[in-house]
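Overview (structure and organization)
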Amino acid sequence: MAREVIAAPLPGLDLRRHYGHFQSPAVRAGGLIFCSGMIPVDPRTGERLHGTLTSEAHVIFGNLKLLLEAAGSSLDRLVQVHALIYDSIEYDVLNRVYRQYVANGPPARTVWSAQIEAGFKVQLDVVAAA
Amino acid sequence: MSLPRKVIAPPLPGPGNRQASAAVRGGAFVFVSGLTAVDPATGAAIRGTTALETQRILENLKLILEAAGSSLARVVKVNVLMHSMLEAPNMNEIYARFFPEPPPARTVCGAHLPHGAKVMLECTALAPDDR
């Protein structure tokens, strides 16, 4: 069994190119797709889109949808989500956005607070079924 | 059908950790515990710069993966936890020397780490094909 790298479906989602992160956007292996930590960047330009946790989460889910679909998967096929937020006080704010994207049979999930790159308020780290 | 689950015997003579195995094979994957920098000969903690700790962790990770029949080239996902995200470039520079192209998926975040460690790294790799 081999691993297969999923290329960025749009140039803005190539964080290695824009920010030097030594990582592939996603890797498919063993029937699963492992995505690199998703941050709110413009999918066309890679520009960082800082905002509220709500606005950042909408951008991230939009980018995640593009990436998973490029890998032949989708948001409906998420298996596990790690949601990192800058402050746990925003937990309910995260949930209000989150449930718009994972409506039915939501994936396993862990939420915790952490320091996120570039001062972002949220980052999603996911595994999906291929 | 049950998939294999096998603890990988530690390749390092250090004392290890009774609470966690360094790596466990499960199904098609090898799951490696969060590693902090230790001397592979003694298991003693090594504390230094982010670059130095990263270097030591990745050298040890290579040994652990190879003991499991896997390798750095078969890593699919890495999570790096750092004491400060301001140090992420210092980690990234060393990190890039260890993984062949194309690199695995990765998430990096800042977190409070035990015992004054500056870097902790965990990963998931493809297990060897032969079993």
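Above this text is the structure in question.
Summary of the structure given here. For clarity, every value in this text was computed on a predicted model and none was experimentally measured. (Residues numbered from 1 in each chain as written. Chains lettered and ligands numbered in written order. Predicted model: local features only at pLDDT ≥ 70, side-chain atom pairs only at ≥ 80, totals over all residues.)

Concerning the overall build of chain B
Secondary structure assignment for chain B yields two helices and six strands. For chain B, the succession of helices and strands along the chain, N to C, is β-β-β-α-β-α-β-β. For a compact globule of 131 residues, the expected C-alpha radius of gyration is about 14 Å, and chain B comes in at 14 Å, within 12% of that figure. With the C-alpha coordinates of chain B rotated into their principal frame, the extents come out at 45 × 35 × 20 Å. When each of the 131 residues of chain B is scored for burial, the buried share is 42%. Within chain B, counting contacts between residues at least 6 apart in sequence, those at least 24 apart form 72% of the total. (Helix = DSSP H or I, 4+ residues; strand = E, 2+ residues; numbered from the N terminus. Rg over C-alpha atoms; globule rule 2.2 N^0.38 Å. Buried ≥ 20, exposed ≤ 12 C-beta atoms within 10 Å, placed from the backbone. Contact = placed C-beta atoms within 7 Å.)

With respect to unusual backbone geometry
That bond from Glu-101 of chain B to Pro-102 of chain B is cis: its omega, -10 degrees, falls within 30 degrees of zero. Position of Pro-102 of chain B relative to the elements: it lies in the loop between α2 (88-98) and β5 (105-110). In this structure, Ala-118 of chain A takes a positive phi of about 55 degrees despite not being glycine. Residue placement: Ala-118 of chain A occurs in the loop between β5 (108-113) and β6 (122-129). Note on Ala-118 of chain A: 12 C-beta atoms within 10 Å, which makes it exposed. The phi dihedral of His-115 of chain B falls on the positive side, at around 55 degrees, and the residue is not glycine. On the secondary structure map, His-115 of chain B appears in the loop between β5 and β6 (119-126).

Section: the pairing of strand β2 (residues 26-29) of chain A
Residues and elements named next belong to chain A. Burial along β2 is two-sided: the face carrying Ala-26 and Arg-28 and the face carrying Val-27 and Ala-29 are both buried. Relative to β2, strand β1 (residues 4-6) runs antiparallel, the two sharing three bridges. Bridge assignment links Val-5 to a residue of β2, and that residue is Val-27. With four bridges joining them, β2 and strand β3 (residues 32-35) adopt antiparallel strand pairing. Along β3, the bridge assignment pairs Ala-26 with Cys-35. Hairpin connection, β2 to β3: the antiparallel pair is bridged by two residues, and Gly-30 has positive phi, about 60 degrees. (Pairing = 2+ DSSP bridges.)

Some words on the sheet that holds strand β1 (residues 5-7) of chain B
Residue and element names in this part refer to chain B. Overall, mixed pairing links the six strands, which are arranged β1-β2-β3-β6-β4-β5 in an open sheet. Each edge of the open sheet is held by one strand with a lone partner, namely β1 and β5. Taken over all neighbouring pairs, the strand axes of this sheet differ in orientation by 15 degrees on average, direction set aside. Alignment of strand β3 (residues 29-35) against β6, held across five bridges, turns out to be antiparallel. Bridge pairing in β6 places Phe-31 opposite Thr-124. (Axes fitted to C-alpha atoms, helices over the stretch in contact; angles between N-to-C directions.)

Section: the pairing of β5 of chain B
All names here are of chain B. Of all six residues in β5, six are buried; the element is thus mostly enclosed. Along β5, one buried face is formed by Ala-105, Thr-107 and Cys-109 and the opposite face, lined by Arg-106, Val-108 and Gly-110, is buried too. Summarising the sheet, strand β4 (residues 75-82) and β5 pair through six bridges and their orientation is parallel. Among the inter-strand pairings, Leu-81 is bridged to a residue of β5, identified as Cys-109. The β-α-β motif built from β4, the intervening α2 and the parallel element β5 has right-handed crossover chirality. (Right-handed = clockwise from strand over helix to strand, strands pointing away.)

Looking at the sheet that holds β3 of chain A
Residues and elements named next belong to chain A. Judged by pairing direction, the sheet is mixed, and its six strands sit side by side in the order β1-β2-β3-β6-β4-β5 without closing on themselves. The strands lining the two open edges of the sheet, one partner per strand, are β1 and β5. Neighbour to neighbour, the strand axes of the sheet diverge by 20 degrees on average, direction disregarded. This element, helix α3 (residues 91-101), spans β4 (78-85), β5 and β6 of the sheet and lies at about 145 degrees to β4.

Remarks on the interface of chain A and chain B
Residue-level contacts link 23 residues of chain A with 25 residues of chain B. At the level of secondary structure, the elements contributing two or more residues to the side of chain A that touches chain B comprise β2, β3 and β6 of chain A. For the side of chain A that touches chain B, the element with the most residues is β2 of chain A, which contributes three residues. In the side of chain A that touches chain B, the residues fall into eleven nonpolar, nine polar and three charged. (Nonpolar A, V, L, I, M, F, W, Y, C, P; charged D, E, K, R; others polar.)

Shape descriptors only; they carry no functional weight alone.
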